[in-house]
Amino acid sequence: MSSPRVLVVDDNRDLADGIAMLLASTELAAQVAYSAESALSALEGTEFDIVLSDIRMPAMGGLELLQCIRSRWPLTKVVLLTGYGTVDSAVDALKNGASDYVTKPFDNDEIVRVLRRALSSGSAAGGFDVAAVVGDVAAAVAADDLLAGLKHALDVLVQATGADDGEVFLCEPEGRDALLSVWTGPDGAALADRTRFEVALGYPGIVAATGEPLCIKGGLAGDARFLRRDVVDAGIRSLVAVPLPDVRGVLGSMHMLSRRDDFPVEHVLELLQRAAVPVGVAIRAGLATLRQSVDAVSGDLGESDRPLRVLLESMRQVAGAQHGTLALIDHGTGRPDHVVSTGAASLVCAHAESGEWTSCVSAMAAHGFAADPGRRSWPASCRQGLPRRASSPCCLPLVASGRLFGLVVLDYGRDATCHAAERLVPLLSMANQAAIRLRSRREGFVIPQATAAVDVSIRSSEALPELELRCFGPFAALRRGQPIAAEAFTRSKAIVLLKMLAIRSGAPVHRDVLMEHIWPEVDPQRGANRLHGVVHDLRSVIEPPRNGRDWTYVRNRGELYYLDCEAGVDIDVARFRTLLALAQRGASDRDDDVCAPLEQAVELYHGELFADDPFAMWCEPDRLELRQRYIDALRRLGQLHQARGRGDLSLIFWRRALRAAPFREDLLVSLMKLLKALDRPAEAQLTYDEYERQLRDALGVAPSEVVQGLRWWLLRPSPASAGSPSR
């Protein structure tokens, strides 16, 4: 049988040739076209099984090429290469017949796996057509009402997978707890019994904290991490949870739940991970629309009653509440100094009226609070503080940058038609945007640091650097938080030069070294002329208006070029190395000053160095060094938290370390020992099985005898052995 034929289409010749070389090492036969027009010519003369095409290309793009292929060669499958900026287009392409998509940056295994999956019959062993279901999900979430679209998408996924229930958790914009926002299925009452999970607690909190999926097949009742007894009592046995991706982190998570012990979790996981892309796009778009609506009605917030009333009415309508109150807070006294209401009387609680905010856990931790009728189920502070006229309240603190600017209290009334928690995250996004608008006019009440729960990975606009360079994952340059488009550089080598200077983090680089890496085949004189032009192009894009003759960011001393990191340039690689050095200087393993910088460092690692350019060999030594330091930091965090008895938190870091280095025996052994200590033999068995499978698939070998012997000792059902196995 002949090998499947793949046509690789990309105007980036290096990338196209690199993919072709990769495919040549597999059973896939590849041919390259550097434009959509060339691809059509190739299709005229040769029969291809699949076309792998970039979306963004000059003249004719990947979407137009898809339409041509679908009309002229309907049996040829199409997979699209997308970047963060083109994921929306990829979702549209799925609706129009694309078999799959790969988001840049990608690794070699991923692109081969996607192509093989697309070349297969298209029907997973679980009995559903993955590409077709993802297309239906993409169409479902296109609804104008965000939550209605998510509900429709969950219905599609539940029906396709044979699950009993589906749910979506969304993360608060400031407090970062995961909140149950949409659910479907017969067990709604059990699902809604607990609607909030703190970071790293429960399945929703763990997925939100790690950005990694979780699967349990048939053993949910024995998993201490789950924390939802009513769901287990309802008979749910299996669950698949995947993160909803975002450029800056995780928006929340999406779950499928089943009563079956044989629920096909592997195939459901594959489907949910692909469906998470259009769902995440829809959530980002929906929340962005709500934030824009706040900007549209805000006017001069704080100057008069009218813009405050318009904002309050807008939030009341989104909530579907009966009436509400908006109160601005004086930064000195902490008491309301400007109050407007849509009802007959104010709903501001007694704690806010007196300025005793420390009694309000929600406001101090930047959380929202929504309650169903019946005061007995409310937190004690709300029962004591809210006026008697409030029957089904929803409290939304106006928080930004660790400061409280005000409070919105809405009331759904005794006959509320929706669950109080459903619209909490969208409303909190509106409240956060209102706080950002207020920040330029009011000082705000400082939230005590001991109780503030602000995501450290998200900086306020006041803390945004003038120039930010992100080297982990796909490279990005931002000016005060706004991305600088690649199209702004007239010379493509200007981005390469910026990358080379960025990873040196202020250390000077001789021009000969730069020329050798960028133009290895060019003679020194021509290389110097080209470098001069590229430096000029780079400066014209990233430099602010000049004062005098000195450059601000890209400086040089004769033939030495460097980035001036003291001039407002923030480089994630530099911060990563600084934090690791800070942890190294920690007083002892028992000192919290060791864990904090390590945790901040690993959160900076959003992917391999310059993952958008995986074939760049000039940065390979730095790439390997940074990856190893990342793994070492995860391993250290696993050890530190394990030593302090924080088993669940330790598990997170051990698992992340093993995912980053999937063939490291020492990491596998440490993880399995921890699972044994936590009395989770089923998870230990799954961990070993996955390790063995990856080892056989990738390297064609079995685990070492030492690891196999340790597995027997760790997983045997008899009481714990008095000694360790011989090594």
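About the criteria used
- Residues numbered from 1 in each chain as written.
- Predicted model: local features only at pLDDT ≥ 70, side-chain atom pairs only at ≥ 80, totals over all residues.
- Heavy atoms only, no water.
- Axes fitted to C-alpha atoms, helices over the stretch in contact; angles between N-to-C directions.
- Helix = DSSP H or I, 4+ residues; strand = E, 2+ residues; numbered from the N terminus.
- Parallel < 35°, antiparallel > 145°, perpendicular 65-115°, else oblique.
- Left-handed = near helix turned anticlockwise from the far one by under 90°.
- Contact = heavy atoms within 4.5 Å.
- Salt bridge = Lys/Arg side-chain N within 4 Å of Asp/Glu carboxyl O.
- Core = buried A, V, L, I, M, F, W, Y, C linked by side-chain atoms within 4.5 Å.
- Buried < 20%, exposed > 50% of the residue type's maximum accessible area, 1.4 Å probe, protein only.
- Nonpolar A, V, L, I, M, F, W, Y, C, P; charged D, E, K, R; others polar.
- Pairing = 2+ DSSP bridges.
- Expected span 1.5 Å × (residues − 1).
- Arc of directions from axis to C-beta.
- Phe/Tyr/Trp six-rings, centres within 6.5 Å; stacked < 30°, edge-to-face > 60°.

A word on the packing of helix H20 (residues 572–584) against helix H22 (residues 620–643)
Consideration 1: Contact geometry of H20 with H22 gives a least axis separation of 12 Å together with a crossing angle of 45 degrees. Between H20 and H22, the angle falls in the class oblique. Relative to H22, H20 is oriented so that their crossing is left-handed. Residues Val573, Phe576, Arg577 and Leu580 of H20 touch H22, and the partners they reach there are Asp622, Glu625, Leu626, Arg629, Tyr630 and Ala633.

Quick look at the environment of Leu287
Consideration 1: The topology assignment puts Leu287 in helix H11 (residues 265–298).
Consideration 2: Considered as a pair, Leu287 and Ser429 are 142 residues apart in the sequence and their alpha carbons are 6.7 Å apart.
Consideration 3: Filtering out sequence-adjacent residues up to four positions away, Leu287 remains in contact with Leu146, Pro426 and Ser429.

Quick word on the pattern of salt bridges
Consideration 1: For the structure shown, the criterion picks out 34 salt bridges.
Consideration 2: Residue Arg228 is joined to Glu167 by a salt bridge in which the shortest nitrogen-to-oxygen separation is 2.7 Å. On the criterion of sequence distance, the pair formed by Arg228 in the loop between strand E9 (214–216) and helix H10 (229–233) and Glu167 in strand E6 (residues 165–171) is long-range, its members being 61 residues apart.
Consideration 3: Salt bridges here are not isolated pairs; linked through shared partners, they connect Arg504, Arg577, Asp622, Glu625 and Arg629.

Some words on the nonpolar core
Consideration 1: The biggest cluster of nonpolar side chains holds 76 residues, and the ones touching the most others in it are Leu469, Leu497, Ile542 and Phe576.
Consideration 2: Setting aside chain neighbours within four positions, we find Ile542 in contact with Leu467, Arg479, Ile484, Phe489, Leu498, Tyr553 and Val554.
Consideration 3: Ranked by size, the runner-up nonpolar core spans 68 residues in total, among them Leu154, Val156, Val425 and Leu438.

Quick notes on the environment of Asp564
Consideration 1: With respect to the helices and strands, Asp564 occurs in the loop between strand E23 (560–563) and strand E24 (569–571).
Consideration 2: By relative accessible area, which is 18% here, Asp564 ends up buried.
Consideration 3: Each C-alpha atom, one on Asp564 and one on Leu501, is 9.9 Å from the other, the two residues being 63 residues apart in sequence.

Thoughts on the side chain of Arg228
Consideration 1: Among the residues examined, Arg228 registers a relative accessible area of 4% and is labelled buried.
Consideration 2: Setting aside chain neighbours within four positions, we find Arg228 in contact with Glu167, Phe169, Leu180, Leu191, Arg194 and Phe197.

Concerning the packing of H11 against helix H16 (residues 424–438)
Consideration 1: Where H11 contacts H16, the axes come no closer than 9 Å and their chain directions differ by 40 degrees. Classed by the angle they form, the pair H11 and H16 counts as oblique. As H11 packs across H16, the resulting crossing turns out to be right-handed. Every residue of H16 that contacts H11 at Leu287, Leu290, Arg291, Ser293, Val294, Asp295 and Ser298 is listed here: Pro426, Ser429, Met430, Asn432, Gln433, Ala434, Ile436 and Arg437.
Consideration 2: Classifying every residue of the contact of H11 with H16 gives 7 nonpolar, 5 polar and 3 charged.

Here's the deal with the sheet that holds strand E5 (residues 100–103)
Consideration 1: The 5 strands are arranged E2-E1-E3-E4-E5 in an open sheet whose pairing can be described as parallel. Looking at the sheet topology across the chains shown, the edges are occupied by strand E2 (29–33) and E5. Taken over all neighbouring pairs, the strand axes of this sheet differ in orientation by 20 degrees on average, direction set aside.
Consideration 2: Note that strand E1 (residues 5–9) and E2 share 5 bridges and pair parallel. If you follow Leu7 over to E2, its bridge partner there is Gln31.

Looking at unusual backbone geometry
Consideration 1: Located in the positive-phi region is Leu227, a residue other than glycine, with phi close to 65 degrees.
Consideration 2: On the secondary structure map, Leu227 appears in the loop between E9 and H10.
Consideration 3: One non-glycine residue, Asp679, lies in the positive phi region at around 60 degrees.
Consideration 4: Relative to the assigned elements, Asp679 resides in the loop between helix H24 (665–677) and helix H25 (681–699).
Consideration 5: Under the relative-accessibility criterion, Asp679 is labelled exposed at 62%.

Looking at the sheet that holds E23
Consideration 1: Ordered in space as E21-E23-E22, the 3 strands form an open sheet in which the pairing is antiparallel. Single-partner strands in this sheet number two, and they are strand E21 (509–510) and strand E22 (554–557).
Consideration 2: Here E21 pairs with E23 via 2 bridges, running antiparallel. In the strand pairing of E23, His510 is matched with Leu560.
Consideration 3: Those strands touched by helix H17 (residues 493–502) are E21, E22 and E23, and its axis lies near 80 degrees from that of E23.

What to know about helix H5 (residues 108–119)
An α-helix turns once per 3.6 residues; consequently, residues spaced three or four apart project the same way.
Consideration 1: Taking 1.5 Å per residue as the helical rise, H5 with its 12 residues ought to reach 16 Å, and the 17 Å between its terminal C-alpha atoms agrees with that figure.
Consideration 2: Three or more residues of H5 are buried, namely Ile111, Val112, Val114, Leu115 and Ala118. Down the axis of H5, the buried set is contained in an arc of 160 degrees. They therefore lie on one face.
Consideration 3: The inward-facing, buried residues of H5 contact E1, helix H1 (13–24), strand E3 (50–54), strand E4 (77–82) and E5.

Brief notes about the packing of aromatic side chains
Consideration 1: Taken as a whole and assessed by the stated rule, the structure comprises 8 aromatic pairs.
Consideration 2: On the numbers, 5.4 Å between centres and 90 degrees between planes, the contact of Tyr203 with Phe226 is edge-to-face. Of this pair, Tyr203 sits in helix H9 (residues 202–210) while Phe226 sits in the loop between E9 and H10; the two residues are 23 residues apart in sequence, bridging distant segments of the chain.
Consideration 3: Judged by its relative accessible area of 0%, Tyr203 is buried.
Consideration 4: In this structure Phe226 comes out as buried when scored by relative accessible area, which is 2%.
Consideration 5: For the ring pair Phe475 and Phe610, a centre distance of 5.8 Å and an interplane angle of 75 degrees mean the geometry is edge-to-face. Here Phe475, found in the loop between strand E18 (467–470) and strand E19 (476–479), pairs with Phe610, found in the loop between helix H21 (592–604) and H22; they are 135 residues apart in sequence, far enough to count as distant. Across this residue pair, the class does not change: Phe475 and Phe610 are buried.
Consideration 6: Within the aromatic cluster, the residues linked to one another by ring pairs are Phe472, Phe576, Tyr605 and Tyr630.

None of the figures reported here should be taken as evidence of function without further support.
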